[in-house]
Amino acid sequence: MQTERNAPGLGILFMVSGMFLISLNDMLIKGLAGDYPLHQIIMWRAGLGLLLTLVFLRMEGGWRLLRTDQPGLHILRALLVVFANSCFYAAIVIMPLATATALYFVAPLFVTLLSIPVLGEEVGPRRILAVLAGFGGVLLMMADQMRGDVGWAVLLPVLSAAGYAGMSVLTRKLGHASAASALALYLQVSFLVVAGMFYLVAGDGRFVDETTPDSIYFLLRAWTWPDTADIPLLVGLGGLSALIGYSMAQAYRQAKASTVAPFEYVMLIFALFWGWTVFDEWPAPSVFAGAAIIIGSGVYIFLREQRLKSR
């Protein structure tokens, strides 16, 4: 059995790289959402991403890395990622990218809480209070967004964060015995399977019409053959998918979940940039206030964890 890794610097590097790649991925999907259903985009992304992930698998040791004695946890991890992605992408078609990202930032707080029962990591009362303060920031943003056109759909990024947090702690748990390429490959296969099921059930668009809300329409609209100009973007999503899966798996394999999770906040900077430059979006003041509370809570959790480690 492999020993537990603890390389904070390397884990943080993989996390920041992963956040940039995710923001780029989100920007491209938001741009394509007006023409294609989510499951079609995911089919392209996962299919091409699988090819690149197989290269990573070969470099790390080959097919033997796929052997596992915990298939149930791998399946659960994959389903949580599919759920998290579906919720988040349904959100970004009806709200600014930075707003959805700011609400999604509750994920590291969920990770901190889940690391207690799942990973057995110690989280003291001060960090618990910081988590509660962070949730207060989420409520501030949600209350403001619900008064607008978004309504209860504002919950979608929060649900996405909960699913992602569950995946993150399972990645840390499974990463002691599984290579990053194997963890990433399981996800790509899961995306392909789920996207294929969506195509069989709803690929002809039978469940939507002109009255369907935008977020649901994005999930269930009919498939269509991509325009020639969009094919490079879909191919690029495949490459991003493989790199994201590998980077995130490595981040949680190399360092504790409570150490690397706060660095997910750098994604807000990237989301603000893409929203402003590509979609001409700028979030409401409440989003900045709520995000500041959440980020402050996350940074405190990280600093507290480092101080306790130094003792």
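Residues numbered from 1 in each chain as written. Predicted model: local features only at pLDDT ≥ 70, side-chain atom pairs only at ≥ 80, totals over all residues. Heavy atoms only, no water.

Side note on the overall build of the protein chain
A tally of regular secondary structure across the protein chain gives 13 helices and zero strands. In the protein chain, the order of α-helices and β-strands from amino to carboxyl end is α-α-α-α-α-α-α-α-α-α-α-α-α. Taken over C-alpha atoms, the radius of gyration comes to 19 Å for the protein chain, in line with the 19 Å a tight globule of 311 residues would show. Here the analysis covers contacts within the protein chain between residues at least 6 apart in sequence; of these, 86% occur between residues at least 24 apart. For the protein chain, the accessible surface area stands at approximately 13,600 Å², while carbon and sulfur atoms represent 68% of it. Once the 20 positive and 19 negative side-chain charges of the protein chain are each reduced to a mean point, those two points are 16 Å apart. (Helix = DSSP H or I, 4+ residues; strand = E, 2+ residues; numbered from the N terminus. Rg over C-alpha atoms; globule rule 2.2 N^0.38 Å. Contact = heavy atoms within 4.5 Å. Areas by Shrake-Rupley, 256 points an atom, 1.4 Å probe, with all protein chains shown as cover. Lys, Arg positive; Asp, Glu negative; His and termini not counted. Charge placed at Lys NZ, Arg CZ, Asp CG, Glu CD.)

Considering the packing of helix 2 (residues 38-60) against helix 10 (residues 231-254)
Closest axis-to-axis distance for the helix 2/helix 10 pair is 7 Å, and the angle between their directions is 50°. The orientation of helix 2 with respect to helix 10, classified from their angle, is oblique. Helix-helix and strand crossings are classified by hand; for helix 2 and helix 10 the assignment is right-handed. In this structure, helix 2 contributes Ile41, Trp44, Arg45, Leu48, Gly49, Leu52, Thr53, Phe56 and Glu60 to the contact, and helix 10 contributes Ile231, Leu234, Val235, Leu237, Gly238, Gly239, Ser241, Ala242, Leu243, Tyr246 and Gln250. (Axes fitted to C-alpha atoms, helices over the stretch in contact; angles between N-to-C directions. Parallel < 35°, antiparallel > 145°, perpendicular 65-115°, else oblique. Left-handed = near helix turned anticlockwise from the far one by under 90°.)

Describing the packing of aromatic side chains
Per the counting criterion, the structure on display carries twelve aromatic pairs. Between Trp282 and Phe288 the ring centres are 5.6 Å apart and the planes differ by 40°, which places this aromatic pair in the tilted class. Here Trp282 falls in the exposed class, since its relative accessible area comes to 54%. Given the relative accessible area of 32%, Phe288 is considered partly exposed. Ring pairs connect the aromatic residues Phe88, Tyr89, Tyr104 and Tyr164, which therefore count as one cluster. For Lys30, the ring lying beneath its charged end belongs to Phe279, and the centroid distance is 5.4 Å. (Phe/Tyr/Trp six-rings, centres within 6.5 Å; stacked < 30°, edge-to-face > 60°. Buried < 20%, exposed > 50% of the residue type's maximum accessible area, 1.4 Å probe, protein only. Lys NZ or Arg CZ within 6 Å of the ring centre and 35° of its normal.)

A look at a nonpolar patch on the surface
Together, Tyr199, Leu200, Val201 and Phe207 make up a nonpolar patch on the protein surface, roughly 440 Å² of accessible area in all. In this structure, Phe207 sits in the loop between helix 8 (180-202) and helix 9 (214-220). You can call Phe207 partly exposed: its relative accessible area is 49%. (Patch = residues over 30% accessible without salt bridge, like charges linked within 9 Å, V, L, I, M, F, W, Y side chains within 5 Å. Salt bridge = Lys/Arg side-chain N within 4 Å of Asp/Glu carboxyl O.)

What to know about the side chain of Ser160
Inspection of the secondary structure puts Ser160 in helix 7 (residues 155-174). Of the residues examined, Ser160 reaches a relative accessible area of 2% and is grouped as buried. Ignoring sequence-local partners within four residues, the contact set of Ser160 consists of Ala84, Cys87, Phe88 and Tyr104.

Notes on unusual backbone geometry
A positive phi is found at Asp280, a non-glycine position, where the angle reads about 55°. Within the secondary structure, Asp280 sits in the loop between helix 12 (267-278) and helix 13 (285-310).

Some points on the pattern of salt bridges
If you walk through the whole model with that rule in mind, you get two salt bridges. One salt bridge in this structure joins Asp204 and Arg206, with 3.0 Å as the shortest N-O distance. For Asp204, a relative accessible area of 48% gives the class partly exposed.

Remarks on the nonpolar core
Judged by nonpolar contacts, the single largest core of 84 residues is most densely connected at Ile41, Tyr89, Tyr164, Leu237, Met248 and Tyr252. Judged by nonpolar contacts, the second largest core, of seven residues, contains Leu50, Leu57, Leu65 and Leu185. (Core = buried A, V, L, I, M, F, W, Y, C linked by side-chain atoms within 4.5 Å.)

Concerning helix 2
Along its 23 residues, helix 2 runs 31 Å from first to last C-alpha, staying within 8% of the 33 Å computed at 1.5 Å per residue. At Leu50, helix 2 shows its maximal bend, which comes to roughly 25°. Buried within helix 2 we find Leu38, His39, Gln40, Ile41, Ile42, Arg45, Ala46, Gly49, Leu50, Thr53, Phe56 and Leu57. Close packing links the buried residues of helix 2 with helix 1 (8-32), helix 3 (71-92), helix 8, helix 9 and helix 10. Positioned one or two residues after helix 2, Gly61 has a phi angle of 150°, which is positive. (Expected span 1.5 Å × (residues − 1). Bend = angle between axes of the 7 residues up to and from the residue.)

Let's talk about the confidence of the model for the protein chain
Scored by pLDDT, the protein chain has a mean of 86; 95% of the residues are at 70 or more. For the protein chain, helix 11 (residues 257-260) is the element with the lowest average pLDDT, namely 72, and helix 12 is the one with the highest, namely 92. (pLDDT = per-residue confidence, 0-100.)

Here we look at the environment of Gln145
With respect to the helices and strands, Gln145 occurs in helix 6 (residues 125-146). Sequence separation between Gln145 and Val287 is 142 residues, and the spatial gap between their C-alpha atoms is 8.8 Å. Excluding residues within four positions of it along the chain, Gln145 makes contact with Thr99, Val150, Gly151, Val154, Ala284 and Val287.

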